[in-house]
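One-letter residues, chain by chain:
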Amino acid sequence: MNLKNLHTENKAVATQLLFELTQGKVVSLQIAKNEQLKEHVTTIPALLLCVSGDATYNEETGEKYI
């Protein structure tokens, strides 16, 4: 499966559900270059895996990961 082929719309942020589990789901998230997600809080643990390009993740503690 090529994750890039899942997103056919030209949007700033696009999601595609890959599969759902009993304790959560796996979602492919595409963020266009120079775009960002709105600030949000998730109630479940999340894993960010950057497949292509660069990403910056800011923890609510102020810690920044590139």
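A quick note: this is a predicted structure, and the numbers were derived from the prediction, not measured. (Residues numbered from 1 in each chain as written. Predicted model: local features only at pLDDT ≥ 70, side-chain atom pairs only at ≥ 80, totals over all residues. Heavy atoms only, no water.)

### A few points about the overall build of the protein
So, point 1. Looking only at helices and strands, the protein has zero helices and four strands in total.
So, point 2. Along the protein, from the amino end to the carboxyl end, the secondary structure elements read β-β-β-β.
So, point 3. Principal-axis analysis of the C-alpha atoms gives the protein an extent of 35 × 35 × 20 Å.
So, point 4. Counting over 66 residues, the protein shows a buried share of 5%.
So, point 5. For the protein, the proportion of contacts with a sequence separation of at least 24, taken over those separated by at least 6, is 7%.
So, point 6. When the accessible surface of the protein is totalled, it reaches about 6600 Å², and 49% of it is carbon and sulfur.
So, point 7. Charge separation in the protein, taken as the distance between the mean sites of 6 positive and 8 negative side-chain charges, equals 8 Å. (Helix = DSSP H or I, 4+ residues; strand = E, 2+ residues; numbered from the N terminus. Buried < 20%, exposed > 50% of the residue type's maximum accessible area, 1.4 Å probe, protein only. Contact = heavy atoms within 4.5 Å. Areas by Shrake-Rupley, 256 points an atom, 1.4 Å probe, with all protein chains shown as cover. Lys, Arg positive; Asp, Glu negative; His and termini not counted. Charge placed at Lys NZ, Arg CZ, Asp CG, Glu CD.)

### Description of the pairing of strand E2 (residues 24-31)
The side chains of a regular strand alternate between the sheet's two faces.
So, point 1. When strand E1 (residues 13-21) meets E2, the two strands line up antiparallel, connected through eight bridges. Looking at the pairing, Glu20 lines up with Lys25 of E2.
So, point 2. A loop of two residues connects E1 with E2, the two strands running antiparallel in sequence. (Pairing = 2+ DSSP bridges.)

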